[in-house]
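Observations on chain architecture
Residue-level listing of the chains:
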2 protein chains.
Amino acid sequence: MDLKSVIRTISNWPKQGVMFRDITTLLKDEKAFNYVIDKFCDRYKNVPIDLVAGIESRGFIIGGAIAHRLHKGFIPIRKEGKLPAKTENEHYNLEYGRAAVEIHVDAIERGSKILLVDDLIATAGTLVAAVNLIEKLGGKVVECAVIIELPDLHGREKIEAKGDKLFSMVQFEGE
Amino acid sequence: MDLKSVIRTISNWPKQGVMFRDITTLLKDEKAFNYVIDKFCDRYKNVPIDLVAGIESRGFIIGGAIAHRLHKGFIPIRKEGKLPAKTENEHYNLEYGRAAVEIHVDAIERGSKILLVDDLIATAGTLVAAVNLIEKLGGKVVECAVIIELPDLHGREKIEAKGDKLFSMVQFEGE
């Protein structure tokens, strides 16, 4: 399936100069959504995984589906202040200022193997912070799995520099 | 399965006097998460549904899994300012002030049958706003499906007063 044909590009959103890759057109297409989840699950069905973690918010849609399909539990990694119990948090830099992601400290047991899911990797700020959270709790990230990679922004290098792995399904480069 | 035993209650969160029902303990339990998705899908597998809509953020986890399992597309209903293309929006009252939810105007075709999913119904402010969004676009809500209902807050009455239906899996009443 040509996934690019079902991903909508919106120019100058959320700000001037950005080509936003909108997956809502993929998600609402039952064939495309199923294809994406099938492809992830084919890749991971024979890989030892204890839990699937998804990054708020679009990572929840894909991560929830993958977790269910692989018969695993799901761990939400959320923006600051959203999780009600005791959390570990990790800050990361934005273009202007900083943001943080959080995980419940009791979400993961030491040594657990975690599949980390999001919709897209750009500069990898959020994804690296999420990997750090999992590792702070003693978890091991089996792989970071995303639908879309923007290679021009070099997120992959940051993930691989940490010794972690990235799988992306479609790449938008120089477009 | 006794779902209440895997839902954690956190007192006085997000503010004094609230007993917050935390489903992260359910989601990370592979048996409980699978049980919940199985039960929803058993209920809807023979019901004519065109699309599954989920409400940000916890509704994305459950809605994504249900959509995939039923082989349907998924529509995100998001907080204000998060969706990149043209949206319809609907405001609702909070205890202090107002909030809004949004949907892409091209998410739903007129006459589409939509299963609307969230994790919890309390006063039904968000859920009624989401139903209104779907109806503004000409969609028909087949049912509102949630894991948790708080009957003391009378959300069900608001859904049913609109002529819509609610299914909840577990109720916390007077607790």
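Okay, so let's go over this structure. (Residues numbered from 1 in each chain as written. Chains lettered and ligands numbered in written order. Predicted model: local features only at pLDDT ≥ 70, side-chain atom pairs only at ≥ 80, totals over all residues. Heavy atoms only, no water.)

Turning our attention to the interface of chain A and chain B. Between chain A and chain B, the contact holds 41 residues from the first and 41 residues from the second. For the pair chain A and chain B, the summed buried surface comes to about 3300 Å²; carbon and sulfur atoms form 57% of the total. Three residues stand out in chain A for area buried against chain B, namely K28, H68 and P84 of chain A, and they jointly supply 21% of the buried area on that side. At the boundary of chain A with chain B, the tally comes to two salt bridges. Close ionic contact of D106 of chain B with R8 of chain A constitutes a salt bridge, the shortest N to O distance being 2.6 Å. Counting across the chain A and chain B interface gives 21 residue pairs in polar contact (both at pLDDT 80 or more). (Contact = heavy atoms within 4.5 Å. Buried area = accessible area lost by both parts, 1.4 Å probe. Salt bridge = Lys/Arg side-chain N within 4 Å of Asp/Glu carboxyl O. Polar contact = N/O pair within 3.5 Å; in protein donor to acceptor, adjacent residues only side chain to side chain.)

The next point concerns the sheet that holds strand β9 (residues 166-171) of chain A. Residues and elements named next belong to chain A. Reading across from one edge, β5-β6-β4-β3-β7-β8-β9 is the order of the seven strands in this open sheet, with mixed pairing throughout. If you trace the sheet from one side to the other, it starts and ends with β5 (87-93) and β9, each paired once. Averaged over all adjacent pairs, the angle separating strand axes in this sheet is 20°, with direction ignored. As paired elements, strand β4 (residues 73-79) and strand β6 (residues 98-104) share two bridges and run antiparallel to each other. The residue bridging K79 from the neighbouring strand is V101, located in β6. Most of the contacts of helix α2 (residues 30-44) go to strand β8 (residues 140-149), to which it runs at about 150°, and overall it touches β7 (113-121), β8 and β9. The strands that helix α3 (residues 58-69) touches are β3 (51-55), β4, β7 and β8; relative to β7, the one it contacts most, it runs at about 140°. (Pairing = 2+ DSSP bridges. Helix = DSSP H or I, 4+ residues; strand = E, 2+ residues; numbered from the N terminus. Axes fitted to C-alpha atoms, helices over the stretch in contact; angles between N-to-C directions.)

The next subject is the side chain of E56 of chain B. Considering the arrangement of structural elements, one finds E56 of chain B in the loop between β3 (51-55) and α3 (58-69). Side chain to side chain, E56 of chain B and S57 of chain A meet in a polar contact 2.7 Å long. A distance of 2.8 Å separates polar atoms of two side chains, one belonging to E56 of chain B and the other to R78 of chain B. If near-sequence neighbours (up to four positions away) are discounted, E56 of chain B is found in contact with S57 of chain A together with I77, R78, K79 and K82 of chain B.

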